[in-house]
Amino acid sequence: MYKKEVVDEVTMKRALTRITYEIIERNKGVQDIVLVGIKTRGIFIAQRIAERLKQLEHIEIPVGELDITLYRDDVKKQETAEPELHSSDIPFEIAGKEVILVDDVLFTGRTIRAALDAVMDYGRPNRISLAVLVDRGHRELPIRADYVGKNIPTALTEEIIVEMEELDGQDRILIQKEEA
């Protein structure tokens, strides 16, 4: 198994800071913005962006947690008979808000399609945008991120692994490939 670190802790922090500034600029402030992190690492990224927004704009941005397991179109393809369910936690109204979905890696677009369906079950926001730490390409659906930390082109045989302090004990992004 081949693993290579492509983003270290400092570069990841810079990418998240860049996303934060882009959110402020494109929205001309942060009024009516809510962040919704897609489980699991998307939640930690959303919390970090909210903390940085608070430092810069002095406004507390609500952060929700979204589990998209039941909305996935590939649940039947997975090996387990029953999908593992987690709970979503969106303790605020999203109707009329600017929702920014947050995820770690954008790949085929299927996770985001499922997240869009899940968010709509909570209400009708004014707009939904997408922030991702890594865009690795290979889209199967017409979905693109509005805010991208890093573009990391990959081969289909490679995998992007995002490690975060909250879960993995360190911040970094790896490319992993099975060796032939």
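Within each chain, residue numbers correspond to sequence positions counted from 1 in written order. At least 70 in pLDDT is required for a residue's local features to be given in this predicted model, at least 80 for side-chain atom pairs to be given and counted, and no such filter applies to totals for whole chains, interfaces and linings, which use all residues. In computing side-chain properties, one takes all heavy atoms of the structure into account and sets aside hydrogens as well as water.

A. Here's a closer look at the layout of surface pockets. Its volume calculated, the second largest pocket comes out at about 260 Å³. Cavity: a set of points on a 1 Å grid over the protein atoms alone where a 1.4 Å probe fits but cannot get out. Pocket: an open set with protein on both sides within 12 Å along at least five of seven lines, its lining residues, like those of a cavity, having an atom within 4 Å of a point. Looking at the second largest pocket, the residues that line it are E9, M12, K13, L16, T17, T20, R48, I49, E51, R52, Q55 and D171. Elements represented by at least two residues in the lining of the second largest pocket include exactly α1 (9–27) and α2 (41–57). Secondary structure elements are defined from DSSP: runs of H or I of at least 4 residues count as helices, runs of E of at least 2 residues count as strands, and each element is numbered from the N terminus. Of the residues forming the lining of the second largest pocket, the biggest block, six residues, is contributed by α1. The nonpolar class holds Ala, Val, Leu, Ile, Met, Phe, Trp, Tyr, Cys and Pro. Asp, Glu, Lys and Arg form the charged class, and all remaining residues, Gly among them, are polar. Of the residues contributing to the lining of the second largest pocket, the split by class is three nonpolar, three polar and six charged. Grid points are joined across faces, edges and corners, and a volume is the space filled by probe spheres set on the points.

B. Up close: the packing of aromatic side chains. Two rings from Phe, Tyr or Trp (for Trp, the six-membered ring) form a pair when their centres sit within 6.5 Å of each other. Planes less than 30 degrees apart are called stacked, planes more than 60 degrees apart edge-to-face, and all others tilted. Counted under the stated rule, the structure contains zero aromatic pairs. By the criterion adopted, a ring carries a charge over it if an Arg CZ or a Lys NZ lies within 6 Å of its centre and within 35 degrees of its normal. Note that R136 overlies the ring of F107, its terminal NZ or CZ placed 3.9 Å from the centroid.

C. Broad picture of the UniProt feature "short sequence motif: PRPP-binding" (unreviewed entry) in the chain. UniProt positions are given in the numbering used here, feature names are shortened, and annotations may be inferred rather than shown by experiment. On the UniProt side, "short sequence motif: PRPP-binding" (unreviewed entry) is annotated at positions that read residues 99–111 here. End C-alpha to end C-alpha, residues 99–111 measures 16 Å, and it is 15% helix and 62% strand.

D. Highlighting the pairing of strand β2 (residues 33–38). For β2, a buried count of six out of six residues is recorded, marking the element as mostly surrounded by other parts of the structure. A strand pair is defined by DSSP finding two or more bridges across the two strands. Sheet analysis places β2 next to strand β4 (residues 98–106), joined by five bridges and oriented parallel. Paired with G37 across the two strands is V102, which belongs to β4. Sheet topology note: the β2/strand β3 (residues 63–66) ladder contains four bridges and is parallel. Within the sheet, the bridge partner assigned to L35 lies in β3 and is V63. Every crossover in which the path from the first strand over the helix to the second runs clockwise, viewed with the strands pointing away from the viewer, is termed right-handed. Remark: the β2/α2/β3 crossover connection has right-handed handedness. For each residue, the accessible area found with a 1.4 Å probe, counting protein chains only, is set against the maximum for its type, and the residue is called buried under 20%, exposed over 50%, and partly exposed in between.

E. Quick look at the side chain of E98. Tracing the chain through its elements places E98 in strand β4. According to the relative accessible area criterion, E98 is buried, its value standing at 17%. Counting of polar contacts relies on pairs of N or O atoms within 3.5 Å, with two restrictions inside protein: one atom must be capable of donating a hydrogen and the other of accepting it, and residues adjacent in sequence are counted only when both atoms are side-chain atoms. In terms of polar contacts, E98 uses its side chain to reach the side chain of R127, at 2.7 Å. By definition in these notes, contact holds between two residues if any of their heavy atoms fall within 4.5 Å. Once you skip the residues sitting within four places of it in the chain, E98 turns out to touch D32, I33, V34, N126 and R127.

F. Layout of helix α3 (residues 110–120). Listing the buried residues of α3 in full gives I112, A114, A115, A118 and V119. Buried residues along α3 cover an arc of 160° about the axis, so they all sit on one side. On its buried side, α3 packs onto β2, β3, β4 and β5 (127–135). The directions considered for the arc run from the helix axis to the C-beta atoms.

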